[in-house]
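# Descriptive analysis of the structure
Here is what each chain is made of, one letter per residue.
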Amino acid sequence: MMGHWFFRKAEIPLEVVILLIAALTMTTTGILLFPAGAGKLPYYENGLYGLLLFIFGLQTVAMGKTPFGDMCRSLPLIAIGLAIAASGIITCFIPDLLIWIPRAILFICFGPGGLVLLLRFLFSRDKFRAWVQFGGIFRHLAAGCSAVYLFSILAGLLLWKKDLVTVPMTACAVLAYGIALIYLSAVLAGIYRAYPKTEKREYLSGTDLPVDRAMILLTGVFMVLLGVLLVPVTLGMLPFSGSAQLGLLMVILAIQMLASGNTPIGAFPRSYAVVFCGLLFAFLGIVSCIIPGILVGQLTILIGILNILGGGIKLWGMAVPLLKQGNAPSGPVPPVLVKLSLSQFSLNLLSIMFGTSMLIPGIIPGQAIGMILALNGCVLLYLLRLLSIIDSISRTS
């Protein structure tokens with residue numbers, strides 16, 4: 001029975017997925033701040049800031065949810081979300097490169113953003129008052145939203161004045177914020193199960209950008225930035241946090257697993273087993289972002305093996321149909337499908353090269369690794385373009 005439940009299909013909307021990642025980030029940070037504040041663990045503040053910025057950028061790009069409320073997803077809004085996510089990626093990778101900018105952006109997102117959301121929530125006719133009148137689970141929704149918005153404002157205050165309270169009190173506040181996010185995510189999951197039509201699925205006008213495409217876009221940006229920044233890093237021109245880089249990559253993999261069942265070794269039905277693995281990946285990634293050096297060796301081996309396995313399995317999957325076809329005649333293949341196959345082949349080959357460089361340090365020069373990662377990101381973005389072209393052809397045919 002337990003095994004049957006563990007492999008049962010899990011229906012988790014993207015909004016709940018992002019809330020769970022944010023909740024895990026806050027609760028893990030709150031717990032780790034106690035030993036870090038006592039000097040028992042190192043603490044990388046930029047890793048936390050970068051991770052939070054990436055989450056804000058993700059929800060803006062994927063759902064149109066901004067720190068100031070829901071907006072219809074447009075090209076300018078997606079560009080803003082990408083800029084926020086990119087600032088988070090750079091903040092994670094390069095300590096203090098952006099100086100005060102990440103903290104300022106987070107203050108705006110948490111402080112004024114939380115205040116605007118709270119006021120809109122309290123004075124909207126179809127939210128706080130309506131939910132309280134409906135009763136039942138909607139009262140829990142009203143309580144969860146109120147708590148999250150209030151803690152968001154508190155987080156903004158703590159970002160504005162870091163010495164406002166002691167480190168243990170800050171840890172308690174962050175931990176409470178995480179618990180409030182867990183509570184809200186559980187309530188939302190219950191509402192979406194009871195009322196499936198309440199889940200919003202808004203895409204760009206004229207162009208679809210589903211969850212998997214949004215993740216391809218963000219992963220492509222991640223790879224390009226990582227590859228470009230690695231070149232001056234290997235030349236000794238910039239400092240670099242390898243721990244936060246691995247941690248953010250693990251969080252990206254976790255979001256893909258939780259949102260759509262896509263894993264580094266292939267796509268699987270989104271079962272509770274996949275959800276558990278996704279949450280485990282996210283936890284390891286969050287710890288690696290916040291506590292420098294603690295999981296570098298383990299995550300390097302894990303990501304290296306996953307890249308080699310994933311690239312090898314997908315290359316084999318592409319080769320088998322060709323081997324079975326043999327010399328049998330076949331009709332003409334549309335050029336866009338040829339380009340798609342070449343892009344997928346290139347991605348898998350680059351994935352194997354990257355994984356090999358992680359498992360065998362020095363086999364590929366540092367500058368070459370940067371070029372491989374940047375090329376990987378460019379191919380991902382090109383793949384996204386090809387998928388958009390295929391969708392357009394499908395709609396017109």
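Below or above, wherever it landed, is the structure these notes cover. (Residues numbered from 1 in each chain as written. Predicted model: local features only at pLDDT ≥ 70, side-chain atom pairs only at ≥ 80, totals over all residues. Heavy atoms only, no water.)

Scanning the protein from terminus to terminus reveals 14 helices and 4 strands. Relative to the globule expectation of 21 Å for 397 residues, the C-alpha radius of gyration of the protein, 22 Å, shows essentially globular dimensions. By residue count, 50% of the 397 residues in the protein fall in the buried class. Taking the intrachain contacts of the protein between residues at least 6 apart in sequence as the baseline, contacts between residues at least 24 apart amount to 80%. In the structure as shown, the protein presents an accessible area of about 19,400 Å², 72% of it carried by carbon and sulfur atoms. Charge separation in the protein, taken as the distance between the mean sites of 24 positive and 12 negative side-chain charges, equals 4 Å. (Helix = DSSP H or I, 4+ residues; strand = E, 2+ residues; numbered from the N terminus. Rg over C-alpha atoms; globule rule 2.2 N^0.38 Å. Buried < 20%, exposed > 50% of the residue type's maximum accessible area, 1.4 Å probe, protein only. Contact = heavy atoms within 4.5 Å. Areas by Shrake-Rupley, 256 points an atom, 1.4 Å probe, with all protein chains shown as cover. Lys, Arg positive; Asp, Glu negative; His and termini not counted. Charge placed at Lys NZ, Arg CZ, Asp CG, Glu CD.)

What follows deals with the packing of aromatic side chains. For the structure on display, the rule yields 10 aromatic pairs. For the pair Phe121 and Phe128, a centre-to-centre distance of 5.5 Å together with 75° between the ring planes defines the contact as edge-to-face. By relative accessible area, which is 2% here, Phe121 ends up buried. The class for Phe128 is partly exposed, based on a relative accessible area of 28%. Between the aromatic rings of Phe121 and Trp131, the centroid separation amounts to 5.5 Å while the plane-to-plane angle is 50°, which identifies the pairing as tilted. Of this pair, Phe121 sits in helix H5 (residues 101-123) while Trp131 sits in helix H6 (residues 128-134), placing them 10 residues apart in sequence. Among the aromatic residues, those joined into a cluster by ring pairs are Phe56, Phe110, Phe151 and Tyr177. (Phe/Tyr/Trp six-rings, centres within 6.5 Å; stacked < 30°, edge-to-face > 60°.)

Where nonpolar side chains cluster on the molecular surface, the patch consists of Ile265, Phe268, Ile301, Ile305, Leu309, Ile313, Leu359, Ile360 and Ile363 and spans about 740 Å² of accessible area. With respect to the secondary-structure elements, Ile265 resides in the loop between strand E3 (262-263) and strand E4 (266-267). Judged by its relative accessible area of 31%, Ile265 is partly exposed. (Patch = residues over 30% accessible without salt bridge, like charges linked within 9 Å, V, L, I, M, F, W, Y side chains within 5 Å. Salt bridge = Lys/Arg side-chain N within 4 Å of Asp/Glu carboxyl O.)

The contact between helix H4 (residues 75-93) and helix H9 (residues 211-234) brings their axes to 10 Å, and the two run at 40°. The angle between H4 and H9 places the two elements in the oblique class. At the point where H4 passes H9, the crossing takes the right-handed sense. Taken together, the residues of H9 that come into contact with H4 (itself represented by Ile78, Leu82, Ala85, Ala86, Ile89, Ile90 and Phe93) are Leu217, Leu218, Val221, Phe222, Leu225, Leu226 and Leu229. (Axes fitted to C-alpha atoms, helices over the stretch in contact; angles between N-to-C directions. Parallel < 35°, antiparallel > 145°, perpendicular 65-115°, else oblique. Left-handed = near helix turned anticlockwise from the far one by under 90°.)

Within the fold, Thr27 resides in helix H2 (residues 14-37). Excluding residues that lie within four positions of it along the chain, Thr27 makes contacts with Leu175, Gly178, Ile179 and Ile182.

The next thing to look at is the environment of Arg129. Within the element layout of this structure, Arg129 appears in helix H6. Judged by relative accessible area, Arg129 falls into the partly exposed class, the value being 45%.

With that settled, consider H4. The terminal C-alpha atoms of H4 lie 27 Å apart, and with 19 residues this matches the ideal 27 Å at 1.5 Å per residue to within 8%. Counting buried residues along H4, 14 of its 19 residues qualify, which places the element largely inside the surrounding structure. (Expected span 1.5 Å × (residues − 1).)

Moving on, we get to the packing of helix H3 (residues 45-63) against H5. At their nearest, the axes of H3 and H5 sit 10 Å apart, and the two run at 50° to each other. Classified by the angle their axes make, H3 and H5 are oblique. Between H3 and H5 the crossing geometry is left-handed. On H5, the residues touching Tyr49, Leu52, Leu53 and Phe56 of H3 are Pro102, Arg103, Ile105, Leu106, Cys109 and Phe110. Of the residues in the contact of H3 with H5, the class split is 9 nonpolar, no polar and 1 charged. (Nonpolar A, V, L, I, M, F, W, Y, C, P; charged D, E, K, R; others polar.)

Core analysis: the largest hydrophobic core is formed by 120 residues, its most contacted members being Phe110, Leu141 and Phe222. Residues in contact with Leu141, not counting those within four places in the same chain, are Trp131, Leu184, Val187, Leu188 and Ile191. (Core = buried A, V, L, I, M, F, W, Y, C linked by side-chain atoms within 4.5 Å.)

It is worth spelling out the side chain of Thr170 at this point. Note that Thr170 resides in helix H8 (residues 167-194). We classify Thr170 as buried; its relative accessible area is 17%. Apart from the residues within four sequence positions on either side, Thr170 is in contact with Leu33, Leu158 and Val165.

Attention now moves to unusual backbone geometry. Here the phi dihedral of Asp96 falls at roughly 65°; this positive angle occurs in a residue that is not glycine. Counting through the fold element by element, Asp96 comes out in the loop between H4 and H5. Even without being glycine, Ile99 reaches a positive phi, approximately 55°. On the secondary structure map, Ile99 appears in the loop between H4 and H5.

These values are about where atoms sit, not about what they do.
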